[in-house]
Amino acid sequence: MEVGKIREEVEKSGMIDTWLRKHSLIYTGATRHPFILGIRDGTVDLSAFKTWLGQDYLFVRAFIPFVASVLIKAWKESYNSSTDMEVILSGMASLNEEISWFRSETPKWGVQLSDIVPQKANQDYCRFLENLMSPDVEYTVAITALWAIEAVYQASFALCLEDGAKTPAELRQTCERWGNDGFRQYCNSLQQIANRHLQKASNDLLTKAEAALLRVLEHEVGFWNMSRGEA
Ligand SMILES: Cc1ncc(CNC=O)c(N)n1
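All values derive from a computational prediction rather than experimental measurement.

Asks: Would you take a moment to explain the overall build of the protein for this structure?
Replies: The secondary structure content of the protein amounts to 11 helices and 0 strands. What you see in the protein, going N to C, is helices and strands ordered as α-α-α-α-α-α-α-α-α-α-α. Taking 2.2 N^0.38 as the reference for a compact globule, 231 residues should give roughly 17 Å; the C-alpha atoms of the protein span a radius of gyration of 17 Å, in line with that estimate. With the principal axes as the frame, the protein shows a C-alpha extent of 50 × 40 × 30 Å. Of all 231 residues assigned to the protein, the portion counted as buried reaches 50%. Surface accessibility of the protein: about 11,100 Å² in total, with carbon and sulfur atoms responsible for 52%.

Asks: Even after reading the chapter, I still don't get the site of the ligand, so can you show me in this structure?
Replies: As a structural note, the neighbourhood of the ligand is formed by 13 residues, with Asp56, Glu98, Glu150, Tyr153 and Glu220 the closest of them. Between the ligand and Glu150, the relevant distance is 2.6 Å, taken from a nitrogen atom to a side-chain nitrogen or oxygen of the residue. Within the complex, 100% of the 320 Å² of free accessible area of the ligand lies under protein. For the shell around the ligand, the secondary-structure elements that each account for two or more residues are helix H5 (46–76), helix H6 (81–105), helix H8 (139–159) and helix H11 (203–227). It is H5 that contributes the most residues to the shell around the ligand, 4 residues altogether. Per-class residue counts for the shell around the ligand are 9 nonpolar, no polar and 4 charged.

Asks: Looking at this structure, how should I read the UniProt feature "domain: Thiaminase-2/PQQC" (unreviewed entry) in the protein?
Replies: When the UniProt feature table is mapped onto this chain numbering, "domain: Thiaminase-2/PQQC" (unreviewed entry) sits at residues 22–228. Between the first and last C-alpha atoms of residues 22–228 the distance is 28 Å; the span itself is 78% helix and 0% strand.

Asks: Which parts of the structure should I look at to understand the environment of Cys160?
Replies: Among the secondary structure elements, Cys160 is positioned in the loop between H8 and helix H9 (169–179). Each C-alpha atom, one on Cys160 and one on Leu129, is 27 Å from the other, the two residues being 31 residues apart in sequence. With residues up to four places along the chain from it excluded, the contact list for Cys160 reads Ile36, Ile39, Arg40, Ala165, Thr167 and Cys175.

Asks: Help me understand the side chain of Lys73 in this model?
Replies: Among the secondary structure elements, Lys73 is positioned in helix H5. For the buried residue Lys73, which engages in no salt bridge, the nearest side chain bearing the opposite charge is Glu138, 8.2 Å off. From its side chain, Lys73 meets the backbone oxygen of Leu132 in a polar contact 3.3 Å long. Setting aside residues no more than four positions away along its own chain, Lys73 makes contact with Leu132, Met133, Ser134, Pro135, Val137, Glu138, Tyr139 and Ala142.

Asks: Explanation requested: the side chain of His33 in the structure shown.
Replies: Mapped onto the fold, His33 is located in the loop between helix H3 (24–31) and helix H4 (34–41). Those residues in contact with His33, other than ones at most four positions away along the chain, are Thr28, Val221, Trp224, Asn225 and Arg228.

Asks: Just checking my understanding: could you explain the packing of H3 against H11 for this structure?
Replies: To characterise two packed helices, one gives the angle between the axes of the helices and the distance between these axes. H11 packs onto H3 with a crossing angle of 35° between their chain directions and a minimal axis gap of 8 Å. In this structure, H3 meets H11 at a crossing whose hand is left-handed. Seen from H3, the contacting residues are Ile26, Tyr27, Gly29 and Ala30; seen from H11, they are Leu214, Leu217, Glu218, Glu220, Val221 and Trp224.

Asks: Honestly, the nonpolar core in this entry has me stumped. Any pointers?
Replies: In terms of nonpolar packing, the biggest core is built from 77 residues, with Trp52 and Phe66 touching the most fellow members. When residues no more than four places from it in sequence are discounted, the contact partners of Phe66 are Leu129, Leu132, Met133, Ala142, Ala145, Leu146 and Ile149.

Asks: Quick question: what am I supposed to make of the packing of aromatic side chains here?
Replies: Here the distance between the centres and the angle between the planes together describe a pair of aromatic rings. Enumeration over the complete set of coordinates arrives at 23 aromatic pairs. With a centroid separation of 5.7 Å and 20° between ring planes, the pair formed by Phe59 and Phe63 is classed as stacked. Highlighted residues: Phe59 and Phe63, both in helix H5, separated by 4 residues, approximately one helical turn. What makes Phe59 buried here is its relative accessible area of 6%. Look at Phe59 and Phe223: their rings are 5.7 Å apart centre to centre, the planes differ by 70°, and that puts the pair in the edge-to-face class. On the criterion of sequence distance, the pair formed by Phe59 in helix H5 and Phe223 in helix H11 is long-range, its members being 164 residues apart.

Definitions and limits used
- Residues numbered from 1 in each chain as written.
- Predicted model: local features only at pLDDT ≥ 70, side-chain atom pairs only at ≥ 80, totals over all residues.
- Heavy atoms only, no water.
- Helix = DSSP H or I, 4+ residues; strand = E, 2+ residues; numbered from the N terminus.
- Rg over C-alpha atoms; globule rule 2.2 N^0.38 Å.
- Buried < 20%, exposed > 50% of the residue type's maximum accessible area, 1.4 Å probe, protein only.
- Areas by Shrake-Rupley, 256 points an atom, 1.4 Å probe, with all protein chains shown as cover.
- Near = heavy atom within 4 Å.
- Polar contact = N/O pair within 3.5 Å; in protein donor to acceptor, adjacent residues only side chain to side chain.
- Nonpolar A, V, L, I, M, F, W, Y, C, P; charged D, E, K, R; others polar.
- UniProt positions renumbered as here; feature names shortened; annotations may be inferred.
- Contact = heavy atoms within 4.5 Å.
- Lys, Arg positive; Asp, Glu negative; His and termini not counted.
- Salt bridge = Lys/Arg side-chain N within 4 Å of Asp/Glu carboxyl O.
- Axes fitted to C-alpha atoms, helices over the stretch in contact; angles between N-to-C directions.
- Left-handed = near helix turned anticlockwise from the far one by under 90°.
- Core = buried A, V, L, I, M, F, W, Y, C linked by side-chain atoms within 4.5 Å.
- Phe/Tyr/Trp six-rings, centres within 6.5 Å; stacked < 30°, edge-to-face > 60°.

What follows is the structure in structure tokens.
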């Protein structure tokens, strides 16, 4: 292994990896969901894909203020806050581009953005994000949730780009949005930030951050289920 790769592996091992091992069943449920496996093997129902696309646009619109709230929390931390802020800001810049992507992608699928009504699983997830935006929620909890939200999409869509995947050509661009190497590195940076803060967290804070991680995983499973018309 090259030095950079080894360093990446070492820095990655921390509380987050411990939690993912502990909660591997739900993590796998979120990252290898039948919706994603359907994209990967080419059997996905295109109406489910369109549902996902429209609902995800609404989700991302609600996700942006959440990321902004994490940025504010990072700024209020004195410890290493400027490097944290750079990483979070780069994520926000990508989200600006992502909204443009949704606006150009949806018409290709006959999805009209103004017609989309948020479904229950989406509303529940967005309400959860709104609760995390409260100034009472600690930065460590919020950054752990942010990492989890991004990491589920990264792991899921990267799976659809692996060798041997039979992802339909018209879905590849979508998978590349979250499955590309730059997004993987962004997720690794978030994971390192979260680990660094978790390392110095009290037991009470650790309990809250772990709960937030679990809620994210549950909401992600709910979101995929909803896209398949199962919620
Ligand atoms: C439901 C959900 N979870 C995570 C992401 C990825 N973050 C930003 O795009 C997303 N788009 N949608």
